[in-house]
Amino acid sequence: MKFSFAKQRRGKLYGGYVLFFVLFCLLTYGVYWLFGYSLISTHDVLHQHVPIMIEYRKILLSWLHHLSA
């Protein structure tokens, strides 16, 4: 194994990683953009988040009312 502090050219290596990253992003997220979908679901938000926020409010109010206990 060679070890050296000499400056090495790594532009090709970094360019390959950047190209791979861009292609990976296009393949992963481009499908959503191509078909007009969103990564955030618009129809399921109320069913997931509103009940837990109501429960969180109950817990928080109960804790605030019984703070001295």
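Conventions adopted
- Residues numbered from 1 in each chain as written.
- Predicted model: local features only at pLDDT ≥ 70, side-chain atom pairs only at ≥ 80, totals over all residues.
- Heavy atoms only, no water.
- Helix = DSSP H or I, 4+ residues; strand = E, 2+ residues; numbered from the N terminus.
- Rg over C-alpha atoms; globule rule 2.2 N^0.38 Å.
- Buried < 20%, exposed > 50% of the residue type's maximum accessible area, 1.4 Å probe, protein only.
- Areas by Shrake-Rupley, 256 points an atom, 1.4 Å probe, with all protein chains shown as cover.
- Phe/Tyr/Trp six-rings, centres within 6.5 Å; stacked < 30°, edge-to-face > 60°.
- Patch = residues over 30% accessible without salt bridge, like charges linked within 9 Å, V, L, I, M, F, W, Y side chains within 5 Å.
- Salt bridge = Lys/Arg side-chain N within 4 Å of Asp/Glu carboxyl O.
- Expected span 1.5 Å × (residues − 1).

Draft legend 1. Inspection of the overall build of the protein chain at higher detail. Secondary structure assignment for the protein chain yields two helices and zero strands. Taken over C-alpha atoms, the radius of gyration comes to 25 Å for the protein chain, far larger than the 11 Å a tight globule of 69 residues would show. Buried positions account for 1% of the 69 residues belonging to the protein chain. For the protein chain, the exposed area adds up to about 7,600 Å²; of that, 69% sits on carbon and sulfur atoms.

Draft legend 2. Structural detail: the packing of aromatic side chains. According to the stated counting rule, one finds one aromatic pair in the structure shown. Taken together, a centroid distance of 6.3 Å and an interplanar angle of 25 degrees make the contact between F20 and F24 stacked. Here F20 and its partner F24 are both found in helix α1 (residues 11-35), four residues apart, which amounts to about one turn of the helix. Taking relative accessible area as the criterion, F20 reaches 56% and is therefore assigned exposed.

Draft legend 3. Summary view of a nonpolar patch on the surface. A cluster of nonpolar residues, Y29, V31, Y32, W33, L34, F35, Y37, L39, I40 and V45, forms a patch on the protein surface that exposes about 1,200 Å² of accessible area. Relative accessible area serves as the criterion here: at 60%, Y37 is assigned to the exposed category.

Draft legend 4. Structural context of α1. In this model, α1 (25 residues) spans 35 Å end to end at C-alpha, consistent with the 36 Å of a helix rising 1.5 Å per residue. Once α1 ends, the next one or two residues include G36, with phi positive near 80 degrees.

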